[in-house]
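Spelled out, the chains give:
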Amino acid sequence: MGFCYSSLSGRRRSCYGNHRGRSSQEAADSGSLRRSCPPLGLETLKITDFQLHASTSKRYGLGAHRGRLNIQAGINENDFYDGAWCAGRNDLHQWIEVDARRLTKFTGVITQGRNSLWLSDWVTSYKVMVSNDSHTWVTVKNGSGDMIFEGNSEKEIPVLNELPVPMVARYIRINPQSWFDNGSICMRMEILGCPLPDPNNYYHRRNEMTTTDDLDFKHHNYKEMRQLMKVVNEMCPNITRIYNIGKSHQGLKLYAVEISDHPGEHEVGEPEFHYIAGAHGNEVLGRELMLLLMQFLCQEYLAGNARIVRLVEETRIHILPSLNPDGYEKAYEGGSELGGWSLGRWTHDGIDINNNFPDLNTLLWEAEDRQNIPRKVPNHYIAIPEWFLSENATVAVETRAVIAWMEKIPFVLGGNLQGGELVVAYPYDMVRSMWKTQEHSPTPDDHVFRWLAYSYASTHRLMTDARRRVCHTEDFQKEDGTVNGASWHTVAGSLNDFSYLHTNCFELSIYVGCDKYPHESELPEEWENNRESLIVFMEQVHRGIKGMVRDSHGKGIPNAVISVEGVNHDIRTASDGDYWRLLNPGEYVVTAKAEGFTSSTKNCMVGYDMGATHCDFTLSKTNLARIREIMEKFGKQPISLPARRLKLRGRKRRQRG
């Protein structure tokens, strides 16, 4: 994927694809978009359905409200959720218009064709008109005649046309003049414009969002991201550490920032948390939210914010803002509005990291189905198949880096930030029935995952707003802005499922916005939308039980198994013998066991107040383990009493002789 740009005179048309360099002129074109007026917000839904009107439409699912840049059609492209505005007739009298609800300096139009698996519909040229009252219209001129803007040549690549001179008006209308020969008049669009000051406009003032946080609200390329991390580290050297977990396919380091009162070390009894963003390189909002979060935590810690100080001192936080920096650089090259839906999504070698992890679900479920055969697959810490570890396996280097990272650090809770929707998805992400594409597939910890998802969604400014328009086709309000991943769409080898079945970490996918790559003018509002949620979700790492599993000498026992009665999923202790088990409030029967030790069971109560309940275990060695210790002490030779008697008799005979 890429994007195309048409000059206003119509004499120059440039297309940017997935190639490496650009000419200086092309770079200037992309830069001009970054410097022009921002989008009005058709893609971000700032422009409501009531502000979009059209001459005619084929049906409701192809109405004006669907004419938003990058909107995606439903699988069935049905009467409610189709992939564009499509006129009811193919003639020169059709139009789609936007009511900005205030005087606006319009500077440009971006268009796409219809999102469809089956049909090819797009507009190849159009006129632009403006009005102050929606009755009297002025057509944008090119000299003495009406200007004809060059439209699309296919349905997905966005095309930008800047107006020859900015036009000040309240309404803007697009009037198609030609369209693909074998198709219909269909389009998706975004309007570039700068709202003019209007202190009397109550609607605007009521909906205006500002932030008081002094943060760096801009898009950061790889070099700028690294520099920002360095600035945060220099501001807060006592609580931050920069490290990398590996390199991308193109050799870019996968940088992470650790935030803790003792950076660089695992403190016994302190849980580890992580955020990951940018697995899809074009889903940029998550990346910028992570960079804003690390700045915010540093500033608030220095300011003595009690809540943040407690979080930093009691949690080891890891933030990995860009897991796919190669893909991001492609998306950044296009810019916030011109990359389309997928430019930069995959790694440089074309792999989707989000479903590039080993499928451990099938191994578990097949073992559970073979009830008459001795169980060879545990309900946790399922081993990675050998084929996945081979060099010939189609596994991204970024995926291998994340796996090594998660195996090294005993994460308890994690969130991976994605884009293009506004919902929190929890595992399982893969359906259990092979012939289905959607099926509710709960984990044994379904109630815990539901709470974790709701803790983020309910504190987000928009996720649980029943008045909110759906991003594309899915209405997640029936589950309060959350969804079981498999009931949405099945994914084999997801990070969430892998994390749950191979490590102790409970992982969720957090979709932070309808617009994958919002204009940087939107970043302050997006930060306000997500700030509280990001903090609340981190605090959930302290929910449930925690403790130590020790031997009779007080030494921690690593790799001990912690089982909760009634929950068919265990976790294990870390190398120091400490553990954390996420649980909702209630009373639980918990058992700790380890090889060579007798198991221990006790009741552990989880309250409603924040803070995990301490539940420690002391295990004594089994008789067999003691015998083995003695055997090792004597060079692994068993003590044989009859042999010793024979030896003594021989010695007595020699003495007599």
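Everything numeric in this text was worked out from a predicted model, so none of it was measured.

Here is what the cut-offs are and how they apply
- Residues numbered from 1 in each chain as written.
- Predicted model: local features only at pLDDT ≥ 70, side-chain atom pairs only at ≥ 80, totals over all residues.
- Heavy atoms only, no water.
- Disulfide = S-S within 2.5 Å.
- Helix = DSSP H or I, 4+ residues; strand = E, 2+ residues; numbered from the N terminus.
- Buried < 20%, exposed > 50% of the residue type's maximum accessible area, 1.4 Å probe, protein only.
- Pairing = 2+ DSSP bridges.
- Axes fitted to C-alpha atoms, helices over the stretch in contact; angles between N-to-C directions.
- Contact = heavy atoms within 4.5 Å.
- Parallel < 35°, antiparallel > 145°, perpendicular 65-115°, else oblique.
- Left-handed = near helix turned anticlockwise from the far one by under 90°.
- Nonpolar A, V, L, I, M, F, W, Y, C, P; charged D, E, K, R; others polar.
- Phe/Tyr/Trp six-rings, centres within 6.5 Å; stacked < 30°, edge-to-face > 60°.
- Lys NZ or Arg CZ within 6 Å of the ring centre and 35° of its normal.
- Lys, Arg positive; Asp, Glu negative; His and termini not counted.
- Salt bridge = Lys/Arg side-chain N within 4 Å of Asp/Glu carboxyl O.
- Polar contact = N/O pair within 3.5 Å; in protein donor to acceptor, adjacent residues only side chain to side chain.
- pLDDT = per-residue confidence, 0-100.

Q: Can you tell me about the state of the cysteines, naming the residues and giving the values?
A: Evaluated as defined, the whole model comprises five disulfides. Two residues, Cys86 and Cys186, share a disulfide whose sulfurs are 1.9 Å apart. Handedness of the Cys86-Cys186 disulfide follows from its S-S torsion of about 115°: it is right-handed. Residue Cys86 is found in strand β4 (residues 85-86), and its partner Cys186 is found in strand β12 (residues 186-195); the two are separated by 100 residues along the sequence. Each member of the pair Cys86 and Cys186 is classed as buried. A sulfur-sulfur distance of 1.8 Å marks the disulfide that ties Cys604 to Cys615. Disulfide Cys604-Cys615: torsion about the S-S bond near -50°, hence left-handed. Of this pair, Cys604 sits in strand β26 (residues 600-606) while Cys615 sits in the loop between β27 (613-614) and β28 (617-619), and the two are eleven residues apart along the sequence. By relative accessible area, which is 2% here, Cys604 ends up buried.

Q: Any chance you could break down the sheet that holds strand β17 (residues 411-418) for me, citing the residues and the numbers?
A: Taking strand neighbours across the sheet as the criterion, the eight strands line up as β13-β14-β16-β15-β17-β20-β18-β19 in an open arrangement whose pairing is mixed. Edge positions in the open sheet fall to β13 (240-247) and β19 (482-484), since each of these has one partner strand only. On average, each strand axis in the sheet is tilted by 25° relative to the strand beside it, whichever way the strands run. Pairing between strand β15 (residues 272-277) and β17: six bridges, direction parallel. Residue pairing across strands places Glu272 opposite Phe411, the latter belonging to β17. Relative to β13, helix α9 (residues 397-408) is tilted by about 130°, and along the sheet it contacts β13, β14 (253-259), β15, β16 (316-320), β17 and β20 (506-513). This element, helix α13 (residues 523-539), spans β15, β16, β17 and β20 of the sheet and lies at about 150° to β15.

Q: Explain the packing of helix α4 (residues 284-303) against α13 to me, using residue names and the numbers behind them.
A: The geometry of α4 relative to α13 is characterised by a closest axis approach of 10 Å and an angle of 70° between their N-to-C directions. One element, α4, and the other, α13, form an angle in the roughly perpendicular class. In the packing of α4 onto α13, the handedness of the crossing is right-handed. On α13, the residues that touch Leu285, Glu288, Leu289, Met290, Leu292, Leu293, Phe296 and Leu297 of α4 are Leu523, Glu526, Trp527, Asn530, Arg531, Leu534, Ile535 and Met538. Of the residues contributing to the contact of α4 with α13, the split by class is twelve nonpolar, one polar and three charged.

Q: An account of the packing of aromatic side chains is requested, with residue identities and associated values reported.
A: Using the criterion set out here, one finds 24 aromatic pairs in the structure. Look at Trp387 and Phe388: their rings are 5.6 Å apart centre to centre, the planes differ by 75°, and that puts the pair in the edge-to-face class. Taking NZ or CZ as reference, Arg173 lies 3.6 Å from the ring centre of Trp95, over its face. Just above the ring of Phe617 sits the side chain of Lys602; from NZ or CZ to the centre is 5.1 Å.

Q: How would you explain helix α12 (residues 495-502) if you had to name every residue and give the values?
A: α12 sits mainly inside the fold: eight of its eight residues count as buried. Here α12 has its buried residues at Leu495, Asn496, Asp497, Phe498, Ser499, Tyr500, Leu501 and His502.

Q: Kindly report on the environment of Glu366, identifying the contributing residues and their values.
A: Inspection of the secondary structure puts Glu366 in helix α7 (residues 361-369). Glu366 gets classed as partly exposed once you look at its relative accessible area, which sits at 43%. For the pair formed by Glu366 and Val377, sequence separation is eleven residues and the distance between their alpha carbons is 9.1 Å.

Q: Could you give an account of unusual backbone geometry, naming the residues involved and the relevant values?
A: Looking along the chain, the bond that leaves Pro427 and enters Tyr428 is cis, with omega of 0°. Checked against the element boundaries, Tyr428 lands in the loop between β18 (421-426) and α10 (446-457). Phi at Ser134 takes a positive value of approximately 70°, unusual for a residue other than glycine. Position of Ser134 among the secondary structure elements: in the loop between β6 (123-131) and β7 (138-139). Among the residues examined, Ser134 registers a relative accessible area of 24% and is labelled partly exposed. Of note in this structure, Tyr381 is not a glycine but carries a positive phi near 50°. Here Tyr381 lies in the loop between α7 and α8 (386-389).

Q: Go over the side chain of Glu267 with me, naming the residues and quoting the values.
A: On the secondary structure map, Glu267 appears in the loop between β14 and β15. Here Glu267 is buried and forms no salt bridge, its nearest opposite-charge partner Arg316 lying at an N-O distance of 7.3 Å. In terms of polar contacts, Glu267 uses its side chain to reach the side chain of His262, at 3.2 Å. If near-sequence neighbours (up to four positions away) are discounted, Glu267 is found in contact with Ser260, Asp261, His262 and Asp578.

Q: Explain the sheet that holds β26 to me, using residue names and the numbers behind them.
A: The strand order β23-β22-β25-β26 describes an open sheet built from four strands, whose pairing is antiparallel. Each of the sheet's edge strands pairs with one partner strand only, and the pair in question is β23 (567-572) and β26. Averaged over all adjacent pairs, the angle separating strand axes in this sheet is 30°, with direction ignored.

Q: Summarise the pattern of salt bridges; cite the residues concerned and give the values.
A: Proximity of charged atoms lets side chains of opposite charge pair with each other. Considering all chains together, one arrives at 30 salt bridges under this definition. Asp146 is paired through a salt bridge with Lys141; the nearest N and O atoms lie 2.6 Å apart. A residue is classified by how much of its surface remains accessible, and Lys141, at 44% relative accessible area, is partly exposed. Within the structure, one salt-bridge network assembled from shared partners comprises Arg59, Asp82, Arg114 and Asp121.

Q: Outline the side chain of Arg572, supporting the account with residue identities and numerical values.
A: Counting through the fold element by element, Arg572 comes out in strand β23. For the buried Arg572, no salt bridge exists, and the shortest N-O distance to an oppositely charged side chain is 7.3 Å, to Asp570. A polar side-chain atom of Arg572 sits 3.5 Å from a polar atom in the side chain of Asn559.

Q: Residues and numbers for the confidence of the model for the chain, please.
A: Looking at the chain, the pLDDT average stands at 89 and 88% of residues meet or exceed 70. Below pLDDT 50 for its whole length, residues 1-30 participates in 77 contacts with residues either more than four positions away or in separate chains.

Q: Can you lay out the pairing of β13 for me, pointing to particular residues and giving the numbers?
A: The side chains of a regular strand alternate, residue by residue, between the two faces of the sheet. Where β13 lies against β14, six bridges are found, and the strand directions are antiparallel. By the bridge assignment, Tyr243 is partnered in β14 with Ala256. The loop that links β13 with its antiparallel partner β14 comprises five residues; one of these, Gly251, has a positive phi angle of about 90°.

Q: Give me the lowdown on the environment of Ser599, citing residues and values where you can.
A: Relative to the helices and strands, Ser599 is located in the loop between β25 (586-593) and β26. The exposure class of Ser599 is partly exposed, given its relative accessible area of 49%. Apart from residues lying up to four places away in sequence, Ser599 is in contact with Thr591, Ala592, Lys593 and Leu619.

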